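One-letter residues, chain by chain:
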There are 2 protein chains.
Amino acid sequence: MTKILVLGAGMVAGPLVRWLLAHDHHLTVTSLVREEAEALVGGHPEAEALELDLGDQQRLARLVGDADLVVSLVPYLFHARVAGHCLQHGVHLVTASYVAAEMAALDAQARERGLVFLNEMGLDPGIDHMSAMRVIDATKRRGGHVVEFRSYCGGLPAPEVRDNPFGYKFSWSPRGVLMAGRNGATYLQDADLRRVPPERLFRDMHMIEVPGAGDFEVYPNRDSVSYVDTYGLAGVRTIFRGTLRNPGWCDTFHAWGRLGLFDDAERPAAGLSCAEYVAALAEVAPGETVRAAVARKMAVAEDSLPIWNLAWLGLLGDEPVGEATISPLDLLAWRMQEKLTYRSGERDMIVLFHRFLVEFSDGAREEITSRLVACGDAAGTAMSRTVSLPAAIGADLILRGRVRARGVVRPVLPEIYEPALAELARLGIECKEDVRPLGPGT
Amino acid sequence: MTKILVLGAGMVAGPLVRWLLAHDHHLTVTSLVREEAEALVGGHPEAEALELDLGDQQRLARLVGDADLVVSLVPYLFHARVAGHCLQHGVHLVTASYVAAEMAALDAQARERGLVFLNEMGLDPGIDHMSAMRVIDATKRRGGHVVEFRSYCGGLPAPEVRDNPFGYKFSWSPRGVLMAGRNGATYLQDADLRRVPPERLFRDMHMIEVPGAGDFEVYPNRDSVSYVDTYGLAGVRTIFRGTLRNPGWCDTFHAWGRLGLFDDAERPAAGLSCAEYVAALAEVAPGETVRAAVARKMAVAEDSLPIWNLAWLGLLGDEPVGEATISPLDLLAWRMQEKLTYRSGERDMIVLFHRFLVEFSDGAREEITSRLVACGDAAGTAMSRTVSLPAAIGADLILRGRVRARGVVRPVLPEIYEPALAELARLGIECKEDVRPLGPGT
């Protein structure tokens, strides 16, 4: 029986732990909070739960050394440290996080030691790579050339629980969601490089319909251009990765950005109500109402969605902020978390949608789509299942010797994505492909 | 001195009448309401104001016979009748309306009689044609090939008067604006024909930034594909014409369409409040609130923009409908007209924006834009100036013998659009062109 060390027992770990135990692995699950880890393993005979502070390098090294493979679900900043121990002890590693520079730098050493450091093995990154590469590789085998690639992903409430004006609930840190709104983005549109500065992010918006899932706003997701290399799409004219949200999100966030609600610098808040805090942010002029000042700063009407949404969160109301100092971002995150939380039994939904335009040398063209729509159920939230099951499957593939690649790896290789997508489909997480022939171009 | 008969003295006629009088034409201005015509001519010695019912064919014939040219600003359904009299009496005709089948059928007869029936000589249609053709013809002269054409137009409040949640005020009939929301649309996107059914119109939305004017929602405007012929754009891959609105419009209108608010069938309203009328429309179930029923029908949250906007108009309130029967469309038009009207001194704004992608035989590519942003001022609303001044200039060109074309004509000919655009620019209605070189495609 192989031994897997699972670092982190947060919101997404449950499905991974259950799947690995069902596939005859021995698990050691660690958390900063022992009870969290215990709740996950649930007294299973082949699993132990430990309290672990990752600052305790000696203990971490010992635990890594005892394992055949480590799955790291802790914040990505810790991955390089964990990987260092893996190198030292000759242990494979799986994460669901983007390959940061520190991780990429370990590629040669991992290869030398015959190790696999499989990263980006979650949903986004993860299933997005796998489902895209399955289409891209199949297209190349058929002699096709991908000229456009658009990819959309979002974690949202299922349709029946969109009971708030944001059409959103938090399945991960509100702070993270809000921080992501401060990014710029880069993509390629018809061979033209588009650079979107942060203050324009939510204006670079369009709506799309995802069959079987509904209509969504899309705004661009960071650097899409790097995927030309990652996916082997040299010569592609359009490459765009976008985030899906329900209608109204982008207009609200654009206006809120203008008010400075995503700033993370602390501001004085002692004794202030939410409205007073916001009034200071809006620099209310003499004789001006808070609402008027906020509307002026946002460049919207006093009666408009961005203002109504602010009021709905209570941020124009009398409730005390309750802190001596707080940043606008943290105040907003607090109010959103209070009001936009999944209640027991409410389902979340994951939507992942790729759209390819493919040209063949005889002039024929096709639109190929790949679509994943997964809702939460008794087996876990859609977010936890789609993020952690790929990591579990990846760990299993490595331990069963099915991965020949060595070094720092993403799941863009058929030896990984083919069995992983097949197993995910068996678990109800199916990326469905459709092909639509188009008329020839010009 | 040439004699021009101006039929119709509505909201847009003022700038036309003043321009023609300043250019030494004698005018006869008619209206169903004499005072309206009198207000327009303002006692000018070279102008007379008459009351005229277009049903009075004899009188209409006599007035047409007395003129050298007719400008018809009445509803387009009357144009064919007017054109019939023009044929009989050998009189030229100018309209700002689309060429309907009845008008197109008169082409051969007008040619035979040496007459010009110049139509679509307003803003949209009108300036859109002229500014597009100037770019298209210049591009062809330079050996370029237009591969994409996107055109956007909207009449909106100037930024400082967007003081309502719609970002909209009515400069023409609310009924017309709402009826336009019942259309489907057709366009060409990368050589793929897109047919948008009416119920999807407001979901086929994206945002664009028009430099100097702001950010707008765009939804497709009827049949764009016919413009391949109108503009001589054989081989174009993308042709899209869209309507510009401020953020939130499309989501609201999409949801309202689901509720049936654009239906024009009369429904019983006697003794009903607005909320009771809407409740019947939403088919409130036992124990359900009106708001909940409306949200269910619209498939939105009770706290969401489409509901908030409905409430803002008073349509969820106690005010009596005040009619025995009324259609949802007319009730909505009434409430919107009440609350979304220009007050004295408030400026409107016209935005017309074309974006062309042009390819040259050596592989070079350019993005060419043409942009008109015009705000209302003491000389008239932007809508009235941009709709009626082209018709005035067109009439003048014909009467000065500058138009050689005969028959049913659109302003896509250089002999019309060149002098017309030059005069419009002199009047502050300038279509500004920009060229941006792009990297080669693949």
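Bear in mind that the values here come from a model prediction, so they are computed numbers and not experimental data. (Residues numbered from 1 in each chain as written. Chains lettered and ligands numbered in written order. Predicted model: local features only at pLDDT ≥ 70, side-chain atom pairs only at ≥ 80, totals over all residues. Heavy atoms only, no water.)

## Here we look at the overall build of chain A
And step 1. From N to C terminus, chain A includes 16 helices and 18 strands.
And step 2. In terms of overall dimensions, chain A is globule-like: its C-alpha atoms have a radius of gyration of 23 Å, near the 22 Å expected for 442 residues.
And step 3. Seen through its C-alpha atoms, chain A measures out along the principal axes to roughly 70 × 65 × 40 Å.
And step 4. The burial tally for chain A puts 57% of its 442 residues in the buried class.
And step 5. Put simply, 67% of the contacts in chain A that link residues at least 6 apart link residues at least 24 apart.
And step 6. Entry remark: accessible area of chain A is about 17,400 Å², with carbon and sulfur atoms responsible for 50%. (Helix = DSSP H or I, 4+ residues; strand = E, 2+ residues; numbered from the N terminus. Rg over C-alpha atoms; globule rule 2.2 N^0.38 Å. Buried < 20%, exposed > 50% of the residue type's maximum accessible area, 1.4 Å probe, protein only. Contact = heavy atoms within 4.5 Å. Areas by Shrake-Rupley, 256 points an atom, 1.4 Å probe, with all protein chains shown as cover.)

## Re the relation of the copies chain A and chain B
And step 1. When chain A is fitted to chain B, the best match, at an RMSD of 0.0 Å, comes from turning it 180 degrees and sliding it 0.0 Å along the axis. The superposition operator between the copies reduces to a two-fold rotation axis. Closest to the rotation axis within chain A is the C-alpha of His206 of chain A, separated from it by 1.9 Å.
And step 2. Take the interface residues of chain A: 100% of them recur as interface residues in chain B, which is what a same-surface contact looks like. (Least-squares fit on C-alpha atoms with pLDDT ≥ 70 in both.)

## Things to note about the interface of chain A and chain B
And step 1. In this assembly, 33 residues from chain A lie in contact with 33 residues from chain B.
And step 2. Carbon and sulfur atoms supply 50% of the area that chain A and chain B bury against each other, a total of about 2,800 Å² over both sides.
And step 3. For the interface between chain A and chain B, the tally reads ten salt bridges.
And step 4. Arg200 of chain B is paired through a salt bridge with Glu209 of chain A; the nearest N and O atoms lie 3.4 Å apart.
And step 5. Summed over the shared surface of chain A and chain B, the number is 14 residue pairs in polar contact (both at pLDDT 80 or more). (Buried area = accessible area lost by both parts, 1.4 Å probe. Salt bridge = Lys/Arg side-chain N within 4 Å of Asp/Glu carboxyl O. Polar contact = N/O pair within 3.5 Å; in protein donor to acceptor, adjacent residues only side chain to side chain.)

## Examining the pattern of salt bridges
If charged atoms from side chains of opposite charge come close, those side chains can pair.
And step 1. As enumerated under the stated definition, the model contains 66 salt bridges over all chains in all.
And step 2. A salt bridge links Asp264 of chain A to Arg182 of chain A; the nearest nitrogen and oxygen atoms lie 3.5 Å apart. In this pair, Asp264 of chain A sits in the loop between helix H10 (249-259) and strand S13 (267-268) while Arg182 of chain A sits in the loop between helix H8 (174-180) and strand S8 (185-189), placing the two residues 82 residues apart along the sequence.
And step 3. Arg182 of chain A sits in the partly exposed class, given a relative accessible area of 33%.
And step 4. With its nearest N and O atoms 2.7 Å apart, the salt bridge here joins Arg175 of chain B to Asp330 of chain B.

## A short note on the side chain of Asp190 of chain B
And step 1. With respect to the helices and strands, Asp190 of chain B occurs in the loop between strand S8 (185-189) and strand S9 (192-196).
And step 2. Asp190 of chain B sits in the buried class, given a relative accessible area of 11%.
And step 3. Setting aside residues up to four positions removed in sequence, Asp190 of chain B forms contacts with Glu148, Arg237, Leu357 and Arg365 of chain A together with Arg237 and Thr238 of chain B.

## Side note on the packing of helix H15 (residues 382-399) of chain A against helix H16 (residues 414-426) of chain A
Residue and element names in this part refer to chain A.
And step 1. Two numbers describe how H15 lies on H16: the axes approach to 10 Å, and their chain directions differ by 125 degrees. With respect to their mutual orientation, H15 and H16 come out oblique. Between H15 and H16 the crossing geometry is right-handed. Two secondary-structure elements touch here, H15 through Leu389, Pro390, Ile393 and Leu397 and H16 through Glu415, Ile416, Pro419, Ala420, Glu423 and Leu424.
And step 2. The residue makeup of the contact of H15 with H16, split by class, is eight nonpolar, no polar and two charged. (Axes fitted to C-alpha atoms, helices over the stretch in contact; angles between N-to-C directions. Parallel < 35°, antiparallel > 145°, perpendicular 65-115°, else oblique. Left-handed = near helix turned anticlockwise from the far one by under 90°. Nonpolar A, V, L, I, M, F, W, Y, C, P; charged D, E, K, R; others polar.)

## What about the pairing of strand S5 (residues 92-95) of chain B?
Residue and element names in this part refer to chain B.
And step 1. Residues His92 and Val94 line one face of S5 and the alternating positions Leu93 and Thr95 line the opposite face, and both faces are buried.
And step 2. Pairing of strand S4 (residues 69-72) with S5, which is carried by four bridges, proceeds in the parallel orientation. Bridge assignment links Leu69 to a residue of S5, and that residue is His92.
And step 3. As a crossover connection, the stretch from S4 through helix H4 (residues 79-89) into S5 is right-handed.
And step 4. In the sheet, S5 pairs with strand S6 (residues 116-118) via two bridges, with the strands oriented parallel. Pairing of Leu93 across the sheet is with Phe117, part of S6. (Pairing = 2+ DSSP bridges. Right-handed = clockwise from strand over helix to strand, strands pointing away.)

## Examining unusual backbone geometry
And step 1. For the bond from Asp124 of chain A to Pro125 of chain A, the omega torsion is 15 degrees, close enough to zero to count as cis.
And step 2. With respect to the element layout, Pro125 of chain A can be found in the loop between strand S6 (116-118) and helix H7 (127-141).
And step 3. Of note in this structure, Glu120 of chain B is not a glycine but carries a positive phi near 55 degrees.
And step 4. Tracing the backbone shows Glu120 of chain B in the loop between S6 and helix H7 (127-141).
And step 5. Note on Glu120 of chain B: relative accessible area 2%, which makes it buried.
And step 6. With a phi close to 50 degrees, Asp190 of chain B is a non-glycine residue in the positive phi region.

## Details of the pairing of strand S4 (residues 69-72) of chain A
Residues in a regular strand project their side chains so that they alternate between the two faces of the sheet.
Residues and elements named next belong to chain A.
And step 1. Going residue by residue along S4, you find Leu69 and Val71 tucked away on one face and Val70 and Ser72 tucked away on the opposite face as well.
And step 2. Sheet topology places strand S1 (residues 3-7) next to S4; four bridges connect them, and they run parallel. Among the inter-strand pairings, Val6 is bridged to a residue of S4, identified as Val71.

## A look at the nonpolar core
Soluble globular proteins tend to bury their nonpolar side chains together.
And step 1. If you look at the biggest cluster of nonpolar residues, it comprises 120 residues, and the most contacted ones within it are Trp249, Trp256 and Met336 of chain A together with Trp256 and Met336 of chain B.
And step 2. When near neighbours in sequence (up to four residues on either side) are disregarded, Trp249 of chain A contacts Phe166, Tyr168, Val177, Phe202, Glu217, Tyr219 and Met336 of chain A.
And step 3. The next biggest cluster of nonpolar side chains, apart from the first, holds 70 residues, and it includes Ala96, Leu188, Val236 and Met383 of chain A. (Core = buried A, V, L, I, M, F, W, Y, C linked by side-chain atoms within 4.5 Å.)

Any functional reading would require information beyond the geometric quantities listed.
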